[in-house]
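# A look at the structure
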Amino acid sequence: MATQLEPDVHADEEAFRTEVQQFLANHFPDELKGKANALAGVDGPTDETPAQTKWREAVGERGWGTPTWPKQYGGGGLTKSEAKIVEQEFAKAGAYNPIGGMGVMMFGPTLLEYGSEAQKSEHIPPICRGEIRWCQGYSEPNAGSDLANLQTFAEDKGDHYVVNGQKTWTSGGQWADKCFAIVRTDKSDKHRGISFMLIDMDAPGVEVRPITMISGTSPFCETFFTDVKVPKANLVGEEGQGWTIGKRLLQHERTNISGGGSLARLMGQSLGEIAKKYGETDADGELTDRVLRDRIADFEIRWNSFLLTARRAVEESKAQGGVSEISSVLKKVGTKLSQERSELLIEIRGLQGLGWEGEEFTDGELEAVRGWLFGKATTIYGGSTEIQNNIIAKRVLGMLDHQ
Amino acid sequence: MATQLEPDVHADEEAFRTEVQQFLANHFPDELKGKANALAGVDGPTDETPAQTKWREAVGERGWGTPTWPKQYGGGGLTKSEAKIVEQEFAKAGAYNPIGGMGVMMFGPTLLEYGSEAQKSEHIPPICRGEIRWCQGYSEPNAGSDLANLQTFAEDKGDHYVVNGQKTWTSGGQWADKCFAIVRTDKSDKHRGISFMLIDMDAPGVEVRPITMISGTSPFCETFFTDVKVPKANLVGEEGQGWTIGKRLLQHERTNISGGGSLARLMGQSLGEIAKKYGETDADGELTDRVLRDRIADFEIRWNSFLLTARRAVEESKAQGGVSEISSVLKKVGTKLSQERSELLIEIRGLQGLGWEGEEFTDGELEAVRGWLFGKATTIYGGSTEIQNNIIAKRVLGMLDHQ
Amino acid sequence: MAVLNEEQEMLRDMAREWATNESPVTEFRKVRGAGEPRAYSADAYATMAQMGWAGIIVPEAHGGSDFGFMSAGLVVEELGKTLTASPLVATTIAASAIVLGGSEEQKAKWLPRLASGETVATLAVDEGAQHDPSAIETSVSGGKLTGKKAFVHEAHGADLFVVAAKDGLYLVEKGDGVALTTRKLTDQRSHADIAFDGAAADRLANGGDSLLDDVLARAQVVTAAEMLGMAQAVFDTTLDYLKQRVQFNQVLATFQALQHRMADLFADLAQMRSAVEAGLQAVDSGFGVGRAAIIAKAEANRVLHVISNQGIQLHGGIGMTDEYDVGFYLKRARVLEASWGSSSYLKDRFAKLSGY
Amino acid sequence: MAVLNEEQEMLRDMAREWATNESPVTEFRKVRGAGEPRAYSADAYATMAQMGWAGIIVPEAHGGSDFGFMSAGLVVEELGKTLTASPLVATTIAASAIVLGGSEEQKAKWLPRLASGETVATLAVDEGAQHDPSAIETSVSGGKLTGKKAFVHEAHGADLFVVAAKDGLYLVEKGDGVALTTRKLTDQRSHADIAFDGAAADRLANGGDSLLDDVLARAQVVTAAEMLGMAQAVFDTTLDYLKQRVQFNQVLATFQALQHRMADLFADLAQMRSAVEAGLQAVDSGFGVGRAAIIAKAEANRVLHVISNQGIQLHGGIGMTDEYDVGFYLKRARVLEASWGSSSYLKDRFAKLSGY
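Residues numbered from 1 in each chain as written. Chains lettered and ligands numbered in written order. Predicted model: local features only at pLDDT ≥ 70, side-chain atom pairs only at ≥ 80, totals over all residues. Heavy atoms only, no water.

## Here's the deal with the overall build of chain C
The line we're drawing: Per the convention used, a helix needs a DSSP run of H or I reaching at least four residues, while a strand needs a run of E reaching at least two, with both numbered from the N terminus. Taken over C-alpha atoms, the radius of gyration is set against a globule rule of 2.2 Å times the number of residues to the power 0.38. Every accessible area reported is derived by Shrake-Rupley at a probe size of 1.4 Å, with residue values counting cover from the shown protein chains alone. The charge count treats Lys and Arg as positive and Asp and Glu as negative. His and the chain ends do not count. Where a charge lies is defined by one atom per residue type: Lys uses NZ, Arg uses CZ, Asp uses CG and Glu uses CD.
When helices and strands are tallied, chain C shows 11 helices and 10 strands. A compact globule built from 356 residues should have a C-alpha radius of gyration of about 21 Å, and chain C, at 20 Å, falls within 12% of that. By principal-axis analysis of the C-alpha atoms, chain C measures approximately 75 × 50 × 40 Å. When the accessible surface of chain C is split by element, carbon and sulfur atoms take 48% of a total near 12,000 Å². Across chain C, the centroid of the 33 positively charged side chains sits 5 Å from that of the 45 negatively charged ones.

## A word on the domain arrangement of chain C
All names here are of chain C. Selection rule: Residue ranges for the domains trace back to a domain assignment, done automatically or taken from a database. We call two residues contacting when some pair of their heavy atoms lies within 4.5 Å. Here the quantity called buried area is the accessible surface, traced with a 1.4 Å probe, that two parts lose on coming together, added over both. Each reported salt bridge corresponds to a side-chain nitrogen of Lys or Arg within 4 Å of a carboxyl oxygen of Asp or Glu. By the criterion applied in these results, polar contacts are pairs of N or O atoms within 3.5 Å in which, for protein atoms, one can donate a hydrogen and the other can accept it, and in which residues neighboring in sequence qualify only through two side-chain atoms. Amino acids are sorted into nonpolar (Ala, Val, Leu, Ile, Met, Phe, Trp, Tyr, Cys and Pro), charged (Asp, Glu, Lys and Arg) and polar (every other residue, Gly among them).
When the domains of chain C are assigned, the result is domain 1 (6-116), domain 2 (121-203) and domain 3 (211-353). Between the C-alpha centres of domain 1 and domain 2 there is a distance of 21 Å. With 20 residues of domain 1 in contact, the opposing surface of domain 2 contributes 18 residues. Across the interface of domain 1 and domain 2, roughly 1,500 Å² is buried in total on both sides, 63% from carbon and sulfur atoms. Sorting the residues of domain 1 by area buried against domain 2 places Pro 37, Gln 106 and Trp 110 first, and these three jointly supply 29% of that buried surface. Connecting domain 1 to domain 2 are one salt bridge. Summed over the shared surface of domain 1 and domain 2, the result is six residue pairs in polar contact (both at pLDDT 80 or more). In terms of residue count, helix α5 (residues 88-101) provides more of the side of domain 1 that touches domain 2 than any other element does, six residues in total. Split into classes, the residues belonging to the side of domain 1 that touches domain 2 amount to 13 nonpolar, four polar and three charged.

## Things to note about the domain arrangement of chain A
Residues and elements named next belong to chain A. Under the domain assignment, chain A is made up of domain 1 (2-100), domain 2 (134-240) and domain 3 (259-396). Using only C-alpha atoms to locate each centre, domain 2 and domain 3 end up separated by 33 Å. Contact with domain 2, which involves eight residues of that partner, is made by six residues of domain 3. Contact between domain 2 and domain 3 buries roughly 590 Å² in total, counting both sides, with carbon and sulfur atoms accounting for 74%. Broken down residue by residue, the surface that domain 2 buries against domain 3 is led by Ser 145, Ile 214 and Ser 215, which jointly contribute 67%. Counting across the domain 2 and domain 3 interface gives zero salt bridges. On inspection of domain 2 and its partner domain 3, the count reaches one residue pair in polar contact (both at pLDDT 80 or more). Looking at the side of domain 2 that touches domain 3 residue by residue, the class counts come to four nonpolar, four polar and no charged.

## Examining the interface of chain C and chain A
It is common to give the size of an interface as the accessible area lost on bringing the parts into contact. Each partner contributes residues to the interface: chain C has 41 residues there, and chain A has 46 residues. Note on chain C versus chain A: buried area summed over both sides is about 3,300 Å², and carbon and sulfur give 60% of it. Mapped by element, the contributors of at least two residues to the side of chain C that touches chain A are α7 (211-244), α8 (256-285), α9 (289-315) and α11 (343-354) of chain C. Counting residues per element, the side of chain C that touches chain A draws most heavily on α8(C), at 17 residues. Classifying every residue of the side of chain C that touches chain A by side-chain character gives 21 nonpolar, 10 polar and 10 charged.

## Here we look at the UniProt feature "domain: Acyl-CoA dehydrogenase/oxidase C-terminal" (unreviewed entry) in chain C
Let me state the cut-off plainly: UniProt positions are given in the numbering used here, feature names are shortened, and annotations may be inferred rather than shown by experiment.
The UniProt record marks residues 215-351 of chain C with the feature "domain: Acyl-CoA dehydrogenase/oxidase C-terminal" (unreviewed entry), using the residue numbering of this structure. Between the C-alpha atoms that bound residues 215-351 of chain C the distance is 20 Å, and the span itself is 80% helix and 3% strand.

## So, the UniProt feature "domain: Acyl-CoA dehydrogenase/oxidase N-terminal" (unreviewed entry) in chain C
Per the UniProt record, "domain: Acyl-CoA dehydrogenase/oxidase N-terminal" (unreviewed entry) is annotated on residues 5-118 of chain C. Secondary structure over residues 5-118 of chain C splits into 67% helix and 0% strand, and the C-alpha atoms at its two ends are 29 Å apart.

## Concerning the pattern of salt bridges
This is how it is decided: Exposed residues in this analysis have more than 50% of their type's maximum accessible area, buried residues have under 20%, and partly exposed residues fall in between, with area computed by a 1.4 Å probe over protein chains only.
According to the stated counting rule, one finds 110 salt bridges over all chains in the structure shown. A salt bridge links Arg17(B) to Glu14(B), with the shortest nitrogen-to-oxygen separation between them at 3.5 Å. Pair noted here: Arg17(B) and Glu14(B) are both in helix α1 (residues 6-27), with a separation of three residues, about one helical turn. The buried category is assigned to Arg17(B), whose relative accessible area is 18%. Between Asp325(C) and Arg29(C) there is a salt bridge whose closest N-O contact spans 2.9 Å. Taken as a pair, Asp325(C) in the loop between α9 and α10 (326-338) and Arg29(C) in helix α2 (residues 25-34) lie far apart in primary sequence, 296 residues in all. For Asp325(C), a relative accessible area of 28% puts it in the partly exposed group. Residue classification places Arg29(C) among the partly exposed residues on the basis of a relative accessible area of 22%. What emerges from the salt-bridge pattern is a single network uniting Asp294(A), Asp298(A), Arg302(A), Lys336(A), Glu340(A) and Lys347(C).

## Things to note about the confidence of the model for chain C
Inclusion rule: Confidence scores labelled pLDDT are given residue by residue by the predictor and lie between 0 and 100.
Per-residue confidence for chain C gives a mean pLDDT of 97, with 100% of residues at or over 70. Across the interfaces of the predicted complex, the ipTM metric reaches 0.91, alongside a pTM of 0.90.

## Topic: the pairing of strand β8 (residues 191-203) of chain C
All names here are of chain C. Convention followed: A pair of strands counts as paired when DSSP detects no fewer than two bridges linking them.
Where strand β3 (residues 144-153) lies against β8, eight bridges are found, and the strand directions are antiparallel. Each bridged residue has a counterpart across the sheet, and for Gly 147 the counterpart in β8 is Phe 196. The pairing of strand β5 (residues 168-173) with β8 spans three bridges and is classified as antiparallel. Residue pairing for β8: Leu 171 is matched across the bridge by Asp 202. Here five bridges tie strand β6 (residues 178-182) to β8, and the two strands are oriented antiparallel to one another. Of the residues in β8, the one forming a bridge with Thr 181 is Asp 193.

## Some details on the packing of helix α9 (residues 290-320) of chain A against α11(C)
Here is the rule we go by: For helices, the axis comes from a line fit to the C-alpha atoms of the stretch in contact; other axes are also lines fit to C-alpha atoms, and the angle between any two N-to-C directions lies between 0 and 180 degrees. Oblique is the label for any angle not under 35 degrees, not over 145, and not in the 65 to 115 range, which are roughly parallel, roughly antiparallel and roughly perpendicular in turn.
With their axes 9 Å apart at the nearest point, α9(A) and α11(C) run at an angle of 85 degrees to one another. Considered as vectors, α9(A) and α11(C) are oriented roughly perpendicular to each other. Only Ser344(C), Lys347(C), Asp348(C), Phe350(C), Ala351(C) and Lys352(C) of α11(C) make contact with α9(A), whose side of the interface consists of Arg290(A), Arg293(A), Asp294(A), Ala297(A), Asp298(A), Glu300(A), Ile301(A) and Asn304(A). Looking at side-chain class alone, the contact of α9(A) with α11(C) contains four nonpolar, two polar and eight charged residues.

## Observations regarding the nonpolar core
Rule in force here: Nine residue types can take part in a nonpolar core, namely buried Ala, Val, Leu, Ile, Met, Phe, Trp, Tyr and Cys, and a core is a set of them joined through side-chain atoms within 4.5 Å.
If you look at the biggest cluster of nonpolar residues, it comprises 175 residues, and the most contacted ones within it are Trp53(D), Leu169(D) and Met272(D). It is helix α7 (residues 211-244) of chain D that contributes the most residues to this core, 20 residues altogether. Not counting residues within four places of it along the chain, the set of residues in contact with Met272(D) comprises Met227(D), Leu228(D), Ala231(D), Glu299(D), Ala300(D), Val303(D) and Leu304(D). Counting 174 residues, the second largest nonpolar core, distinct from the first, contains Leu271(A), Leu292(A), Leu397(A) and Leu252(C).

## Observations concerning the packing of aromatic side chains
Rules: Only Phe, Tyr and Trp rings take part, Trp by its six-membered ring, and two of them pair if their centres are within 6.5 Å. Stacked means planes under 30 degrees apart, edge-to-face means over 60, and tilted covers everything else. Both a distance and an angle decide whether a charge sits over a ring: NZ of Lys or CZ of Arg must be within 6 Å of the ring centre and within 35 degrees of the ring normal.
Counted according to the given criterion, the structure contains 38 aromatic pairs over all chains. Judged by centre distance (5.7 Å) and plane angle (80 degrees), the rings of Phe28(D) and Phe328(D) are edge-to-face. Remark: Phe328(D) occurs in helix α10 (residues 326-338) and Phe28(D) occurs in helix α2 (residues 25-34); sequence separation between them is 300 residues. According to the relative accessible area criterion, Phe28(D) is buried, its value standing at 6%. For Phe328(D), a relative accessible area of 5% gives the class buried. These aromatic residues form a ring-pair network of at least three members: Phe16(A), Phe23(A), Phe28(A), Trp55(A), Trp64(A) and Phe90(A). Lying over the aromatic face of Phe153(B), Lys187(B) brings its terminal NZ or CZ to 4.3 Å of the ring centre. Directly above the ring of Trp356(B) sits Arg370(B), whose terminal nitrogen or CZ lies 4.1 Å from the centroid.

## Some thoughts on the environment of Ser317(B)
Residues and elements named next belong to chain B. Mapped onto the elements, Ser 317 comes out in helix α9 (residues 290-320). For Ser 317, the residues in contact, after removing those within four places along its chain, are Gly 322, Val 323, Ser 324 and Ser 327. Here Ser 324 takes part through its backbone nitrogen, which lies 3.1 Å from a polar atom of the side chain of Ser 317.

Shown next as structure tokens:
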């Protein structure tokens, strides 16, 4: 499908590629090579080294951490193919993208779509520069899967709201500067009584209590709001539009959970290879434990099939110009398989695979245990497997209550 | 727990044992040794050989085919321990019990409990003599799991009813003399509008159409009733009592499906032994296919555990003087396991395990295929697995709709 | 499903229309009723060949359309949906062996006949009840092939056998030294053991050492395509049934426990379709064929097994009757599951290819 | 559950009352918080021993009650329900080795101390991360034992080790030539690798060739009893939670999909209980012990695995927090699943004993 434009595009792209290479040579320090973005995770605070700070600032200035976001708000303003080049060159140089977190993954795209000019100008640039961390104020003790049941109330006081209530599962709440939250502004209408607003985490009346998880980490908080003043300027969209905006944002979350991205990284190493390290092999280099070998192959075949399904969902969506109906199964299947993998990984290692701490365990072993435990959450948050099943049965298969 | 009565009881029992042995010596012909009761199955008509007829008549005359039923109606009138002796001595001699079928397993016990004196005198003796075959008129096309939805209607005409409607899954309907049926006598009350009545299969207006199953056999029929006259004498219990009586009868059915009896026979041969015939073994006599071996062991461990559960249910019921709550899982678990076993049995044999007919397949192989297919019904009839799950969740676990 | 080009869409639509209108399951009932060992309608196969389906993977030079395996899979899937009995799959697999391994002369002789439907062919590899291409005893000496092959698909209608011997694949024509013993399986299609006793054999000399593996990969993906159609049909039928059947004054489809089970099956079916389509595409692209074919057939085995069982259970009693079609899918399913590699065989192969 | 005699009912009720009132999971939280490698409360264990629980399988002549394994299992099950941290299971297993294999002198010396709780003992068999009694390298020469044992339960509190060497079981006291390396596992209980370097060892000379197998069978059934208590507790807690938690204006327990899952778990739990109780009874009767113990532990592994996972899922987010107890069961579950035989080890043994 060659077109006559190709040579020119190609030339432009090569020039841009050289620019990125030059930038990396000038700004990316060798000592950070192969390191991951400390800001990206939700499970730890961030004390940046001076080198990390410098690298973040350099990327932030260019907007290349959010490459396709509009330049006027601090994004890179790049085309998709340019963004691809940035990604490729960063990868070649072993450089991480220092801009990340929920601001980039969820809040930014949503605000770009629904925010006012003033809001975008205020909030997007610091995200692009990696200066501000956002957290999500969605779930409440009695509004988990049934999110629309939320009770946190924002009372209208003229030029501001006064917010009272409690949020839970606030990811990184203890380290966040700001919170995007859905709150109730009208008690008479379950869905249309919800509004989307932005709350300063250091405002008086905001209290944060980290929740320790079974994995021993505390990536989430309970967040209590007591008479917290929120200026009306911090309402995104209209009053009552929060359910629509909030759900749009959840689509970004779901894509992140199921979307191969983190899962594919997680699955980087073949279970077969790991099993060979921990168990016996025969003269052909095959695992002598044929039962384990069978189970690993069983898993990996299904995992491959899942990757093919994820790819197919993308292709179908592109071709149809809408979301493919099989996208509905990705979260359900991907999270189940990643949990299965974690269980197998532990089992392969026997008791050595159940370490909690201590030098007798490798980092990989300990991480696998934390990952196994923390991974139990993937079938619960972002729409539990049960909710996914309801959605598939009712919306995709048409198994409606009334027909 | 010796008591002083023991010696006498013992002497009595020994005398009875001798009587049974004598009876067998006099009446059981060698040519029937090891044969099964042709009448017991639901899947074939019965052309008895003269020897079979003689043996049936001999046992029928004594009432030993229904050993604990009252003597006045043609039963054996034996105590439980005497009945045990009959069973033991028959087994020793390789003699089958020639009295069987739905009359013995389900209808007889129910009629003995709910029938009038006249009904018992009329219907029980021919059952004890193995002269009459009964079939079950329960399910209808729109009353399967939801049995109470049945529509077959019996109109009161003074001294008789006129029955119109359709039954399905009438086991052995094409070979049966009589049918015990539940029919509607009152359209205004779902449960209390049902009555239990006895219908002659050769009455005018009764038409029977055998249903061919996926296994190729036709053990069930559709039965059509068109203006069939049923005398009021054939109503069992009161009008409107049919649901109670009918459910009681189903308890006998359920016991038969799950109760280890037929299942234990089915499972007689170890899967491991069969697999050794079809697959390679190593020097220790172990299956070289370790994956298959693991799956067989996995199955057999759970099967053993099921047998232990069935035994525990009996022990608990005895000790508590009521039905143990774990009895509720027996049907669900037993039928699932027997289906799993059938699938494994086929898989062990590869394509040789999928024979439909022909001399290149052994009888055992062909039976396994029919059994595999027919066995799919066990999780459907007698209260499907889904119904069992509802019962367990609601009645045993108390997960009620309103609480 | 996979994104198709225009040609493929036309082909798929044509196959769907034909299968739905001209070859619903009642046609298979007729074939079964006739009780011939060949177990297909020659007229129907002639029509299929006229529509070009027997030549989809055959080069244009030899009378085919060369549309490739993805296209062949589309047709086979549609035929699988209605359990159409025909030697199309067998002939396609056999043709692929000639395309890969045949000399120009062999291709010129056979491929046009296969593409036109004039000749039916089939692949004979296994010598026992389990798929095991490493255990071949059949041998050839002086152009004469001797050995026993077990459970050969579509053997009764076949004029040409592609036979695996110790040292490669051979073409053997029906005739002297070729004796069939019918093996009637639950699917009530054509299967036979074949005794070759010094039958004239013509070697497929091209295709290199991997010829047998390459042909088996094609057998796996095309069989998986048939299984995909079957699984889809059982799923669709079951879903329809649940939406119609009322119990306890409620449509079955509204029971949450059944909704969640259908959601599980829907996800399984999505996985199966991705794997099967990727397997077919891999054959066309030539990239990673062996592995992709194993994934395709393994997922087909796994998912069709589950769906064929659940289809029966969710239909309840009527699913157990011969009058309903769903049982036919169950019986055909197990035969295909056991052909060209059971699940454990495939997992063993996958592990081997993955190096563990 | 099994039909109990009066003695057993009293014992079970006493254990249940004590565990519920004196040793709920908050007590384990205290132990965990204290962070000592021994990981149990000495006071609590002293109380348990006073109630006679450390001597349940010890003959009366040696200070025990000789109630047997079924009785020991009842107590262990109750303690498992509340995750009571104690060396009771380890000591019971070690005591059984002395009962079976000890000389009169050894019995007289050790059993009274074990029964009174004065001495804590544990069994050390495995030398790697997987249970494998066929791979023992530990050897004894001139009464001195040398070798490495891995992941020994309750090692930190133990004064006495029952150690498997190539030629049998030996008693080794804490002290010279015995060096512990703490191995902190997810259950945050006491585990350690032990290096024995010429430690004084006293052979258990009775019990015959099958001594190790017999002791391992006892380890399996008692461990399975702990797992049974854990599974029951997770099941009960989850059921309670589902009956209380409201979502979408509906109590979770009324959702049919959850009802059917709980029915499945209830059936699994019934199977597990039957297997575990039969295993304990088999040890007491002496009939079919090896096989019964494998069935018990295999079912315990299978069912606790499923229930511990489902318990988390059905609790939703709060089940993921350290504040809720359900995660503790999950973490302890995997450690016990891997101890004295993983599921695949047990299935291999079962097949061996069944002759295939």
